[in-house]
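Each chain, written out:
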Amino acid sequence: FVLMMLMQLGGLNVVSFGVVFAIFLRLGVSVRQEGLDNYIGTDSFFTAKGIFVKILFICLAIEFIGAIIIYYSFPDELKFSSSGHKFFSALFHSVSGFQTAGLTLFTNSIYEPCLRNVYSVQLCLSAVSFLGALGIPALFDLFSIPNIKERWKKPWKQMHISTYIAFYGSIMLIVTGTILFFILEYDNVLLNLSYPGKFMASLFQVVSANSTTGYNTVDIGLLKTPTLLMIMSLLFIGAGSGSTAGGIKTSTVTIILLSIYGIVRGKKNLEFHKRTISYQMLDTAYAIFLFAVIIISSAIFALSIIEPQFSFLNISFEVVASWSTGGFSMGITQ
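No experiment lies behind these values; they were computed from the predicted model shown.

A look at the side chain of Glu 63
- With respect to the helices and strands, Glu 63 occurs in helix α4 (residues 48–73).
- Dropping the residues within four chain positions of it, Glu 63 is found in contact with Gln 8, Leu 91, Ser 94, Val 95, Phe 98 and Gln 99.

Focus on a nonpolar patch on the surface
- Judged by side-chain polarity, Phe 1, Val 2, Leu 3, Met 5, Leu 6 and Leu 103 come together as a nonpolar surface patch covering roughly 600 Å² of accessible area.
- Locating Val 2 in the fold gives a position in helix α1 (residues 2–11).
- Overall, the relative accessible area of 61% leaves Val 2 in the exposed class.

What to know about the nonpolar core
- If you look at the biggest cluster of nonpolar residues, it comprises 63 residues, and the most contacted ones within it are Leu 134, Leu 139, Phe 181, Leu 223, Ile 231, Phe 317 and Phe 328.
- When sequence neighbours within four positions are dropped, the list of residues in contact with Leu 139 reads Ile 58, Ile 62, Phe 98, Leu 131, Leu 134 and Ser 144.
- Residues Ile 165, Ile 255, Ile 256 and Leu 270 belong to the second largest nonpolar core, which totals 10 residues.

Observations concerning the pattern of salt bridges
- Across all of its chains, the model carries 1 salt bridge by this definition.
- Note that Asp 187 and Lys 224 form a salt bridge whose closest N and O atoms lie 3.0 Å from each other. With Asp 187 in the loop between α9 (161–184) and α10 (195–210) and Lys 224 in the loop between α10 and α11 (225–237), the pair connects residues that are 37 residues apart, well separated along the chain.

As for the layout of surface pockets
- One number sums up the size of the second largest pocket: a volume of about 500 Å³.
- Lining the second largest pocket are 24 residues, with Ser 109, Asn 216, Gly 327, Ser 329 and Gln 334 sitting closest to its centre.
- Tallied by class, the residues present in the lining of the second largest pocket amount to 8 nonpolar, 15 polar and 1 charged.

Side note on the packing of aromatic side chains
- This model, assessed by the stated rule, comprises 14 aromatic pairs.
- Taking 4.7 Å as the distance between ring centres and 50° as the angle between the ring planes, the aromatic pair formed by Tyr 164 and Tyr 168 counts as tilted. Of this pair, Tyr 164 and Tyr 168 both sit in helix α9, 4 residues apart, roughly one helical turn.
- Residue classification places Tyr 164 among the partly exposed positions, given a relative accessible area of 24%.
- On the basis of relative accessibility, which here comes to 38%, the residue Tyr 168 falls in the partly exposed class.

Considerations on the packing of helix α5 (residues 83–98) against helix α6 (residues 119–134)
- In contact at an axis separation of 7 Å, α5 and α6 are set at 40° when each is read in the N-to-C sense. For the element pair α5 / α6, the angle class is oblique. Judged by residue contacts, His 93, Ser 94, Gly 97 and Phe 98 of α5 engage Leu 125, Val 128, Ser 129, Leu 131 and Gly 132 from α6.
- Looking at side-chain class alone, the contact of α5 with α6 contains 4 nonpolar, 5 polar and no charged residues.

Focus on the confidence of the model for the protein chain
- Of all residues in the protein chain, 87% attain a pLDDT of 70 or more, and the chain-wide mean is 85.
- Across residues 29–46 the pLDDT falls below 50, and counting only partners more than four positions away or on other chains, this stretch makes 33 contacts in the model.

Examining the packing of α9 against α11
- One way to put it is that α9 packs onto α11 with a least axis distance of 10 Å and a crossing angle of 165°. What the angle tells us is that α9 and α11 run roughly antiparallel. Relative to α11, α9 is oriented so that their crossing is left-handed. Counted together, Leu 173, Gly 177, Leu 180, Phe 181 and Leu 184 of α9 and Pro 226, Thr 227, Met 230, Ile 231, Leu 234 and Ile 237 of α11 form the full contact between these two elements.
- Partitioning the contact of α9 with α11 into residue classes produces 9 nonpolar, 2 polar and no charged.

Quick word on helix α12 (residues 250–265)
- For α12, with 16 residues, the first-to-last C-alpha span of 22 Å sits near the 22 Å given by 1.5 Å per residue.
- Of the surrounding secondary structure, the elements contacted by the buried residues of α12 are α9, α11, β1 (270–272), β2 (275–277) and α13 (279–306).
- Note on α12: the residue one or two positions beyond its end, Gly 266, has a positive phi of about 70°.

Remarks on unusual backbone geometry
- Phi angles above zero are rare outside glycine, and Ser 109 is one such case at about 55°.
- Given the relative accessible area of 12%, Ser 109 is considered buried.
- In the Ramachandran plot, Thr 212 falls in the positive-phi region, its phi being about 50° despite a non-glycine side chain.
- As for its placement among the helices and strands, Thr 212 is situated in the loop between α10 and α11.
- Judged by its relative accessible area of 0%, Thr 212 is buried.

Let's talk about the environment of Phe 181
- Secondary-structure assignment places Phe 181 in helix α9.
- Exposure remark for Phe 181: the relative accessible area of 0% places this residue in the buried category.
- Expressed as a C-alpha distance, the spacing of Phe 181 and Pro 226, which sit 45 residues apart in the sequence, is 9.1 Å.

Parameters and conventions
Residues numbered from 1 in each chain as written. Predicted model: local features only at pLDDT ≥ 70, side-chain atom pairs only at ≥ 80, totals over all residues. Heavy atoms only, no water. Helix = DSSP H or I, 4+ residues; strand = E, 2+ residues; numbered from the N terminus. Contact = heavy atoms within 4.5 Å. Patch = residues over 30% accessible without salt bridge, like charges linked within 9 Å, V, L, I, M, F, W, Y side chains within 5 Å. Areas by Shrake-Rupley, 256 points an atom, 1.4 Å probe, with all protein chains shown as cover. Salt bridge = Lys/Arg side-chain N within 4 Å of Asp/Glu carboxyl O. Buried < 20%, exposed > 50% of the residue type's maximum accessible area, 1.4 Å probe, protein only. Core = buried A, V, L, I, M, F, W, Y, C linked by side-chain atoms within 4.5 Å. 1 Å grid on protein atoms, 1.4 Å probe; cavity = no way out; pocket = protein on both sides within 12 Å on 5 of 7 lines; lining within 4 Å. Points joined across faces, edges and corners; volume = space filled by probe spheres on them. Nonpolar A, V, L, I, M, F, W, Y, C, P; charged D, E, K, R; others polar. Phe/Tyr/Trp six-rings, centres within 6.5 Å; stacked < 30°, edge-to-face > 60°. Axes fitted to C-alpha atoms, helices over the stretch in contact; angles between N-to-C directions. Parallel < 35°, antiparallel > 145°, perpendicular 65-115°, else oblique. pLDDT = per-residue confidence, 0-100. Left-handed = near helix turned anticlockwise from the far one by under 90°. Expected span 1.5 Å × (residues − 1).

The following block contains the structure:
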């Protein structure tokens, strides 16, 4: 219970904590302040209390729905002392998935023999992890009732640019990663699985890496080198800004790629989706990228000296997984 509460509070984000403290101190913080405006990405909230209630509601709603699905998906082989114990376990995993924490109550994570072939549990965890990795601003933009009503009346109304990058960026990474994982591991860790099992294992592992959740249904230590490099790339990139996922975020990578494309095409302005991106944002993106590379490279260099018995790939994978808070391991950390 304590671990679940820590995951929940950590996932509510620093901004939410600031709002809570403001409410407790009765400062009457307005959402019109620039910082909160940028974080939420909408003008539809009028008080700090209103923001926090909506953040809390959307998180609890997703986690509760996920818990219900997991509860009825748990196989009979998992012995629970009572229905309450079973529901608490389902809720724990739903919270852990949505907050991209990746903690489980099973010895072998989702690789547990009686769970690795239960696809409904894996699909549910993939869904809540994907939503958590999009970030609260994107979830508000996509699922808040006022926005849904407005899009129903005006189907041409576009989502916020940050939501667009987070959503479609994650979808592209997941689709590409799933196909590559399926092809690369077809005759390796996926060998003895049925075709639906191969697809589900590929999808689940890639979503887990993209959202930096860290669940696994295959033995990470048995993956091929190209697959490990792909997972490291997904962990390094991460998911949406303002989310619970690690990595440098899809927005950072998108801006850097747009910069490279603009240089190749000789463009003076940086544009995306009919919007102009300031060069200050580009400088920030490059700074984030460089900072991440320096931290990771320094850690790999240090561990290569301290732990010379391990290969460069093993050390690199552990470092990237740790830095991104992905929690994956090839087995050398333990």
